[in-house]
Amino acid sequence: MRRFALSALAALAFGLTATTPNAAEGPALPKEHWPFAGIFGTFDRGALNRGFQVYKEVCSACHSLSLIYYRHLEGIGLTAEEIRAIAAEKEVTDGPNDEGDMFKRPGRPSDRYVAPFANENASRTANNGAYPPDLSLMVKARKGGPDYLYAILTGYKDAPADVKMMDGLHYNEFFPGHQIAMPLPLSEGGVTFADGTAATVETMARDVTTFLAWTAEPEMEQRKQLGVKVVLFLIVFTGLTYAVKRKVWADLHA
Amino acid sequence: MNAPEWKNPVVRWIDFRLPIFSFVYHELGVYPAPRNLNYFWTFGSLAGIVLVIMLASGIVLAFNYTPHATMAFDSVERIMRDVNWGWLLRYIHMNGGSAFFIVVYIHMFRGLYYGSYKYPREVLWFLGVIILLLMMATAFMGYVLPWGQMSFWGATVITNLFSAFPLVGESIVTWLWGGYSVDNPTLNRFFALHYLLAFVIVGAVAVHLWALHVQKSNNPLGIDTKGPQDTVPFHPYMTVKDLFSLSVFLTVFSMFVFFAPNFFGEPDNYIPANPLVTPPHIVPEWYFLPYYAILRSIPDKLTGVLAMFGSIFVLFLLPWLDTSRVRSGSFRPTYKKFFWVFVVDCIVLGYVGANPPEGYFLILGRVATIYYFFHFIILLPLLGWFERPLPLPTSISQPVLGGRAAATARHMEKA
């Protein structure tokens, strides 16, 4: 029986690892250290703020962030006034009013983050036929998650001599097929951080990846902190139920 | 054993008209369980509890979910972001699906090892296989609901399987879809059926338990119980043992829900469904991978589909395919070895199913598929004839207690 149990556990463990799909494409992603990884992981507030700035000043020219409402930005530590100001920078179409006309008004915290283009066709027309994907869930929607995003943002290289590049595409070491429509997005000093952090490509890539990890899983800190409590409780509870079980069964094993 | 004379007058009044208290007392209180059950026997009650967790979380999710092709994806993300504890509900439900299959697969392999499908528990086994089929249908339709890329393309691939049937195939597929492609009508009916089938499972589980309580549990020795010295009352012995198992399960389950909620998922399902873009690899959830491997290892589509369904339906024939009269694998030295070969075969099939059917994987998948059916159709009937089982113990209490059976039996009567 004991051997059966052990073998079954081993088989299960093997099954779990073996059945996890691992279709690797392109070179292996460099493993970065992310402070939000692990069961005690939290988002670095400074990185979140800088990352939001990078998104706002660079990425948002082409990429939407449709699942984020301005009010959500409280989660990265912005105050209600700051959020109102950021929302008001954009114009939002609202209506119809009493006369039946649509009208423009400044954005409010209850609005979705305003997208750079009205729709996919407008976006493709402006971007040489390519469609910059929405970034809200990007960290969850790619194998490798934050490592993949960071690798893409820092993976631009000159194309090797033997690679024939298609018109309007750019060589990227980590993009599947290596030919990506997005031109090199980050350049040294592209943004000026208020906290004085030097805006290197690596810092900007790390920070915007951190911000997008937050947009993908804004519940992450709450989830992990609750998880630690729940698991600790359950471990104690398991110990207690085991003790009770032993006590109840003591007669039979005597 | 008769129910106690109920002291509470209200209980007595009700019980006289509807003996629900006596029923619970008989089926959960004094119900005799073999005293030698090991922890693998706790997976049955565990599966029942996971079903309850799935129903509870699923019903609340349905409060907030919108089954429409243009709104489903966003409504799930709204649950994750704006609904109070919505992320917790969804991650419980999402990981609960995987947990349900893990628990049920262990429950089934336990049945295979200890011969729980044999006389007189054949109907109990059939009901279990029916529950598995219902679970597969429910899980498949549930996976479609978030309307991500894998939802959409998984639905397309699986529903298209029916087009393999000659003459009526195409019409069946159109009928399933409610149109000429997977679209809003498909999503709507999958939501309705996902909700319905969950309760059909509840019904099937009730009948499964009924059948169990008629013939009672099998046990690791696979011999019949011969009297009170071989059994213990379900409460408190089995309830406390099941409770311990449940707490271990919940601990592991919570680690997935809180720390690795997307472990079993595919990143592609966080991309909204797009009929114009096919993902590079369409893979089903892990619990379907072995069947997917069987399907893809056969070049002819119809044969592949039949083999895939056959891999489940062969389980209905199992009580007759296994010709050995000894139930427990513990006393079947050869079967015991082949049981583990079969477990490995299933894991290999799962591994193959997760990878593209090319080169090495194609060959491995074919060998593993042939072995899967070989195990049931050729090996099991022959083993019963040629295997020489070990001598069976005369009773359950004897190997467990030696000479002290009588003393404990007396003790039991007091308890």
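The rules behind the values
- For every chain, the first residue of the written sequence is number 1, and numbering continues from 1 along that sequence.
- Labels follow written order: the first chain is A, the first ligand is 1, and so on.
- Only residues with pLDDT of 70 or above have their local features reported here, since the model is predicted, and side-chain atom pairs are shown and tallied only from 80 upward, although totals for entire chains, interfaces and linings are computed over all residues.
- Side-chain descriptors were evaluated using all non-hydrogen atoms of the structure, hydrogens and water having been removed beforehand.
- Strands here mean DSSP runs of E at least two residues long; helices mean DSSP runs of H or I at least four residues long; both are numbered from the N terminus.
- The contact criterion used throughout is that any non-hydrogen atoms of two residues lie within 4.5 Å.
- Any residue under 20% of the maximum accessible area for its type is buried, any over 50% is exposed, and the rest in between are partly exposed; the area is computed with a 1.4 Å probe on protein chains only.
- To qualify as a nonpolar core, a set must consist of buried Ala, Val, Leu, Ile, Met, Phe, Trp, Tyr and Cys residues joined through side-chain atoms within 4.5 Å.
- Boundaries of every domain are those given by an automatic assignment or by a domain database.
- Buried surface area refers to the total accessible area, computed with a probe of radius 1.4 Å, that the two partners give up upon joining, counted for both partners together.
- Think of a salt bridge as a Lys or Arg side-chain nitrogen and an Asp or Glu carboxyl oxygen that are within 4 Å of each other.
- Polar contacts here mean pairs of N or O atoms no more than 3.5 Å apart (in protein, one a potential hydrogen donor and the other a potential acceptor; neighbouring residues in sequence count only if both atoms are side-chain atoms).

Caption draft 1: Geometry of the overall build of chain A. Secondary structure summary: chain A contains seven helices and four strands in total. Along the chain direction, N to C, the helices and strands of chain A fall in the order α-α-α-β-β-α-α-β-β-α-α. Here the analysis covers contacts within chain A between residues at least 6 apart in sequence; of these, 61% occur between residues at least 24 apart.

Caption draft 2: Representation of the environment of B:Ser45. Residue and element names in this part refer to chain B. Looking at the secondary structure, you find Ser 45 in helix H3 (residues 43-64). Take Ser 45: its relative accessible area is 26%, and that puts it in the partly exposed class. Taking the C-alpha atoms as reference points, Ser 45 and Leu 243, 198 residues apart in sequence, are found 9.3 Å from one another.

Caption draft 3: Molecular detail of the nonpolar core. Core analysis: the largest hydrophobic core is formed by 175 residues, its most contacted members being A:Leu73, A:Phe211, B:Phe101, B:Leu132, B:Tyr372 and B:Phe376. In terms of residue count, the dominant contributor to this core is helix H5 (residues 86-113) of chain B (15 residues). Counting the residues that make up this core, at least three belong to each of domain 2 (34-282) and domain 3 (284-393) of chain B. Leave out the neighbours within four places in its chain, and A:Leu73 touches A:Phe52, A:Leu78, A:Ile83, A:Phe211 and A:Trp214. Formed by five residues, the second largest nonpolar core is a distinct cluster that contains B:Leu221, B:Ile223, B:Val326 and B:Phe331.

Caption draft 4: Expanded view of the domain arrangement of chain B. Segmenting chain B into domains produces domain 1 (1-30), domain 2 (34-282) and domain 3 (284-393). One C-alpha centre belongs to domain 1 of chain B, the other to domain 3 of chain B, and the line joining them spans 46 Å.

Caption draft 5: Seen up close, the interface of chain B and chain A. With 60 residues of chain B at the interface, the matching set in chain A holds 56 residues. For the pair chain B and chain A, the summed buried area comes to about 4,900 Å², and 72% of that belongs to carbon and sulfur atoms. Joining chain B to chain A, the criterion identifies three salt bridges. Between B:Asp82 and A:Arg71 there is a salt bridge; the shortest N-O distance is 2.9 Å. Run the count over chain B and chain A and you get 12 residue pairs in polar contact (both at pLDDT 80 or more).

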